[in-house]
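Fold and contact review
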Amino acid sequence: MTTAAIIVAVASFALGALLALLTIPVLVWLERRVAGLVQDRLGPNRTNIGGFRLGGVVQSFADVVKLLLKEEYYPSHIKSGRWLFMLAPVITFVAALLAFMAIPFADTLVINGESLRISALPINYGIFWYMAISSIGVLGVIFGGWLSHNKYSLLGAARAGSMVISYELPLGLSILAFIITYDTIDFNAMVQFQSGTFFGFLPAWGILVQPLAAIILIVSLFAETNRNPFTVAEGESEIVAGFMTEYTAMKFAMYFMGEYVAMNTASAVIITMIFGGYQISWVSTEMLLENFSVFAFSLMVIIPLIITVLIRWMRKNNRVRPSIKADGGRDFETKVLTIAMVGMTLLVEAILIYLVFLSESSLANSIAVTLFQIVVFVVKLMLFNIFFILIRWSVPRFRYDQVQKLGWYYLLPLALLNIIVTAIVVVGVSL
Amino acid sequence: MLEISIFSILALFMLGGSIAMLVNKQTLFSAFGFLVAMIGLAGMFALLDSRFLALAQIMVSVGAVVVLSMLTILTINAKEENLPHEPNKYKWIAFASLLVLPITLLIYKSTSALYASFATMQTINSKVVGKLLFSEWVLPFEIVSILLLSAMVGAIVIARKDVVQTQGEES
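Residues numbered from 1 in each chain as written. Chains lettered and ligands numbered in written order. Predicted model: local features only at pLDDT ≥ 70, side-chain atom pairs only at ≥ 80, totals over all residues. Heavy atoms only, no water.

1. So, the overall build of chain A
Of the regular secondary structure elements, chain A holds 17 helices and four strands. Its C-alpha atoms give chain A a radius of gyration of 24 Å, within 12% of the compact-globule value 22 Å for 431 residues. If one aligns the C-alpha atoms of chain A with their principal axes, the spans along those axes are about 75 × 70 × 45 Å. Going through the 431 residues of chain A one by one, you find that 52% of them count as buried. In chain A, 78% of the contacts between residues at least 6 apart in sequence involve partners at least 24 apart. When the accessible surface of chain A is totalled, it reaches about 20200 Å², and 72% of it is carbon and sulfur. Here chain A holds 27 positive side-chain charges and 24 negative ones, and the gap between their average locations is 13 Å. (Helix = DSSP H or I, 4+ residues; strand = E, 2+ residues; numbered from the N terminus. Rg over C-alpha atoms; globule rule 2.2 N^0.38 Å. Buried < 20%, exposed > 50% of the residue type's maximum accessible area, 1.4 Å probe, protein only. Contact = heavy atoms within 4.5 Å. Areas by Shrake-Rupley, 256 points an atom, 1.4 Å probe, with all protein chains shown as cover. Lys, Arg positive; Asp, Glu negative; His and termini not counted. Charge placed at Lys NZ, Arg CZ, Asp CG, Glu CD.)

Following this line, the structure appears as structure tokens:
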């Protein structure tokens, strides 16, 4: 391994870990703010550190401190298997975290003729890895539910287990349809396939090439991650909190964070498989590298526009009601953030100008393209996470038998039919 | 040296998991032992650089077999006092493990000379795996599927007897 390869590997691993772990507080915050949006209220936005509220993200850190300092209550009726009772949330969390590691954040970076993958695990069988590792997660739920020695927990665990079994089948079959279409099990090759077009103008995104399989994939992943409308395993109106009933403090927080990591992973898989991953449609990596100066100039125009809109939005919204005199440091926060944003924009512009006019190295260009693709990936990831959250706050929960019926009676036959049609079409095209 | 230490740790996990599965009274701990043994086995495959087998092992044994057996355990919800009384359990386990030792050695000798294509697949090439499965290995593949089919038919027959009986009692 060369030095460059080691640096890229370490950097992508750090990026993967950061994207998986640092999105947890952001997602918790987004969940509460989007809930506020849906219910026409504000959500948490007062917590601050020295006047900095960042729209309320600081609240998540206060929550973490609360969960860490809470009393570690241990139910006394649990006689045997304490260690497994403690281990169960960790299994769920680690499985969700590891499953995220196969996602590519950008196209392969070519340094001195050596192509390096920008994903935490540089493997070319990503979808296989995801399917294998994510199936471990439910084991933590089942262990936790069983060892709680509590009827509600047991019901929740049984529900979670049977739901995973019923939705793993349509999930696997819909993924199989994508594998037939893309002709690969490599996430990166899937994204590269999606940067092309079909019928001459439509982007070859999975949702347009395979609409039925895409819908089945999204629905099954909602079920796999235990998100609404499939929260039957922890349906608080029926079975208290399901498998989480006996869990407190940090043990509960592990389940809680595991759910958000799983949601993040599911969003990443969905955008990688059916929404073009880190690519912008119609624009492939080669095209960006060939026309780098055009790309850089358009970035130079677009970034200040976006930043201007952001700053104007912040100046308009980041204030208390006019009738209240004390602003609680909000003007100061707005000022500092404005300066920071303008400074960063100027820095990016300077780097782009340097790359276009002064630098001759193509390596710097490809690193710039890679960074751009990472940004695109993160933006898409966050958009799809918001979609997950919006669904949670706008759709009521299914009854348990309806969940099973949807899985077995509708999704499974549809996925099977889709595979047959896909196979016939693919073979027919290749003839 | 590193390989040997990793191998020893994995082997310890596998042995411990298998023994825990056999010895434990509570069925869920047996399932956990099975889970540990299976993950250890997947680790063995990964140590041999056959990533396809390692991931397939996790996907099939952990994702399907362990989850299904745990679901069965949850559904049956057997109490410890309802389990059969086995006074000579440990003697039988020791005796049986001595008994299968020559057979295990025979299997090891015969399979170590087998076709090494699956075992040396460093990067998973799904096309090669598919073509091998449906050309050279099509007979074992079909035999395995017949085995699964017979198991499924057997399960349905066993379950159906209960259903028919309860229906007969009701009417």
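Next, the rest of the story.
2. Here's the deal with a nonpolar patch on the surface
Together, Leu-212, Leu-414, Leu-417, Val-421, Val-425 and Val-429 of chain A make up a nonpolar patch on the protein surface, roughly 490 Å² of accessible area in all. Topologically, Val-425 of chain A is positioned in helix H17 (residues 400–430). (Patch = residues over 30% accessible without salt bridge, like charges linked within 9 Å, V, L, I, M, F, W, Y side chains within 5 Å. Salt bridge = Lys/Arg side-chain N within 4 Å of Asp/Glu carboxyl O.)

3. Side note on the pairing of strand S2 (residues 114–119) of chain A
Residues and elements named next belong to chain A. Bridge count for strand S1 (residues 104–111) against S2 is five bridges, and the pairing is antiparallel. The residue of S2 that forms the bridge with Val-110 is Ser-115. The antiparallel hairpin formed by S1 and S2 contains two residues in its connecting segment, where Asn-112 sits at a positive phi of about 50 degrees. (Pairing = 2+ DSSP bridges.)

4. Focus on the interface of chain B and chain A
Taken together, the contact between chain B and chain A spans 25 residues of the former and 30 residues of the latter. Summed over both sides, the interface between chain B and chain A buries roughly 2600 Å², with carbon and sulfur atoms accounting for 83% of that surface. Summed over the shared surface of chain B and chain A, the number is zero salt bridges. Our enumeration of links across chain B and chain A arrives at zero residue pairs in polar contact (both at pLDDT 80 or more). Those elements that place two or more of their residues in the side of chain B that touches chain A are helix H2 (27–47), helix H3 (51–76) and helix H6 (126–134) of chain B. The dominant element in the side of chain B that touches chain A, judged by the number of residues it contributes, is H3 of chain B, at 15 residues. Looking at the side of chain B that touches chain A, its residues break down into 18 nonpolar, five polar and two charged. (Buried area = accessible area lost by both parts, 1.4 Å probe. Polar contact = N/O pair within 3.5 Å; in protein donor to acceptor, adjacent residues only side chain to side chain. Nonpolar A, V, L, I, M, F, W, Y, C, P; charged D, E, K, R; others polar.)

5. A closer look at the nonpolar core
As a rule of thumb, soluble globular proteins bury nonpolar side chains together. All names here are of chain A. Grouped together as the largest cluster of nonpolar side chains are 128 residues, with contacts concentrated most on Leu-139, Phe-143, Phe-187, Met-273, Ile-274 and Phe-377. With 14 residues, the top contributor of residues to this core is helix H12 (residues 249–274). The contacts of Met-273, once residues within four sequence positions are left out, are Ile-127, Ile-175, Phe-178, Tyr-182, Phe-187, Met-190, Gln-194, Gly-206 and Leu-217. Formed by twelve residues, the second largest nonpolar core is a distinct cluster that contains Leu-288, Phe-295, Leu-355 and Phe-372. (Core = buried A, V, L, I, M, F, W, Y, C linked by side-chain atoms within 4.5 Å.)

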